Every structure is written in C-alpha cells, then in structure tokens.
Amino acid sequence: MGGVRRVGVYLAHPRAGSFNHALYEAVVDELRGRGCEVAAHDLCAEGFAPVLTAEETETVAAAGESLDPQLALHRAEVATLDALVLIHPNWWGMPPAVLAGWVQRVLVPGVAYKLGTADGEPAGLLRAGRALVLNTSDTPEDREHDEFGDPLQRIWAACVLPYVGVTDVRRLVFRTVTDSADATRAQWLRQARQEAAALLDG
C-alpha cells in the first residue's frame with residue numbers, strides 16, 4: 001500500500017442522502033476493503049463546531065491542549081494519518097463552513113505546521129504526504145475555469161494542504177450533479193473508488 005495504511009476521510013455536507021454522502025460511503029468502503037485503517041468523519045452528523053474561539057486565533061505559537069474533547073480527538077488523529085480524503089460540494093467557490101472551520105481549528109500550529117515568525121515560511125508537520133479532494137459542482141468546467149479561476153483548486157492545492165506538508169494533492173470534480181443521471185452517478189462512484197485505491201498505491 002505504498003506506506004499508506006491509515007487514512008482520514010472527511011465529509012462536509014449536511015443533507016443525508018446527498019451524492020456527497022454516496023461518495024463518502026464508497027470511498028470508506030473501498031479503503032476498508034483494501035485493509036486500510038480508516039478514520040471516517042461525517043462532520044455535519046458529528047456536529048463538529050466550526051467557529052474558532054478567541055484563544056484559537058494564534059498563528060505562530062503552538063496550540064495548547066484543547067479542553068474540547070472532539071477537537072482534541074481530531075487534532076491528535078490527524079497527526080497519525082498517512083493520507084487525507086476531503087469530500088465536499090463547491091458552495092460559492094468555497095468548502096462548506098463546517099470544513100473551513102475544521103481546517104482552521106484542527107490544522108493549527110504545533111499540530112499541522114510550525115511557523116517561526118508570522119511572515120516566515122511554514123514547516124509542515126503532518127505525516128500525510130498525499131490527499132484526495134472529491135468535489136461536486138453544478139458549474140460547467142469551462143465556466144469554472146474561465147470565469148472563476150477554479151478557487152477550490154487554489155484553496156486546497158496551493159493554500160491549505162502544502163502549508164501543512166501535503167505535497168501530493170489529487171482532485172476530482174463531478175459535474176453537473178443536480179441534473180445527472182443514475183448511470184452517470186454510478187460511474188462517478190466507480191471513479192471515486194479508483195482514485196481512493198490509487199491513493200494507497202502511490
């Protein structure tokens with residue numbers, strides 16, 4: 001499995017029965033079926049609180065131990081992962097608030113990166129060298145690139161994941177979802193499984 005044995009899978013979609021949920025279930029099933037240890041989190045179902053406290057806004061000093069048991073669990077767990085899978089829709093060119101809050105509250109200094117000074121270069125601390133991002137969208141691809149510049153690609157592949165040490169960022173976008181046929185969705189689920197499997201092999 002190319003050294004990838006423990007994978008965190010994070011879903012950010014509030015509606016049970018969404019295609020995002022189907023992607024999540026397919027990926028978790030595929031990874032577990034291949035003998036992988038999976039830390040699976042449906043962030044909305046778990047009630048992950050995305051809003052930072054005033055004490056959590058430090059960007060340089062290492063974060064202290066959190067008194068929030070859910071947050072402490074996520075921080076401890078993410079440090080043990082070999083790879084990440086992030087599953088979410090494109091909403092206004094952003095991840096849903098629950099996932100943005102997860103990034104801001106979990107990927108903190110001392111856990112996910114180290115920063116000497118506020119304007120310095122970060123040193124990523126996560127052992128997870130690779131990540132797979134699965135997005136759903138109702139925006140056609142040419143419009144996403146030409147009009148909007150594909151902001152989710154910038155967020156994950158330039159702003160967030162390399163900052164914390166994830167250098168191999170893979171991304172797959174399924175579009176357009178709302179008007180898609182069942183056969184198309186079945187093919188997308190097969191693609192998601194293939195990408196998840198490839199994450200283990202290198």
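It should be noted that the structure appears before, not after, this text.
Residues numbered from 1 in each chain as written. Predicted model: local features only at pLDDT ≥ 70, side-chain atom pairs only at ≥ 80, totals over all residues. Heavy atoms only, no water.

Caption draft 1: Geometry of the pattern of salt bridges. Enumeration according to the criterion identifies ten salt bridges in this entry. If you follow the salt bridges from partner to partner, you end up with D29, E30, R34 and R193 in one network. (Salt bridge = Lys/Arg side-chain N within 4 Å of Asp/Glu carboxyl O.)

Caption draft 2: Representation of the side chain of H41 in the model. Following the sequence through the fold, H41 ends up in strand β2 (residues 37-42). Residue classification places H41 among the buried positions, given a relative accessible area of 7%. In this structure H41 touches V9, Y10, L11, Y24, E46, H74 and E77, once residues within four positions along its chain are discounted. (Helix = DSSP H or I, 4+ residues; strand = E, 2+ residues; numbered from the N terminus. Buried < 20%, exposed > 50% of the residue type's maximum accessible area, 1.4 Å probe, protein only. Contact = heavy atoms within 4.5 Å.)

Caption draft 3: Looking closely at the packing of helix α1 (residues 19-33) against helix α7 (residues 182-201). Viewed as axis vectors pointing N to C, α1 and α7 meet at an angle of 40°, and their least axial separation amounts to 9 Å. When the axis of α1 is compared with that of α7, the two are oblique. Crossing angle aside, the handedness with which α1 passes α7 is right-handed. Of α7, the residues touching α1 (which contributes F19, A22, L23, A26, V27, D29, E30 and L31) are R185, W188, L189, A192, R193, A196, A197 and L200. (Axes fitted to C-alpha atoms, helices over the stretch in contact; angles between N-to-C directions. Parallel < 35°, antiparallel > 145°, perpendicular 65-115°, else oblique. Left-handed = near helix turned anticlockwise from the far one by under 90°.)

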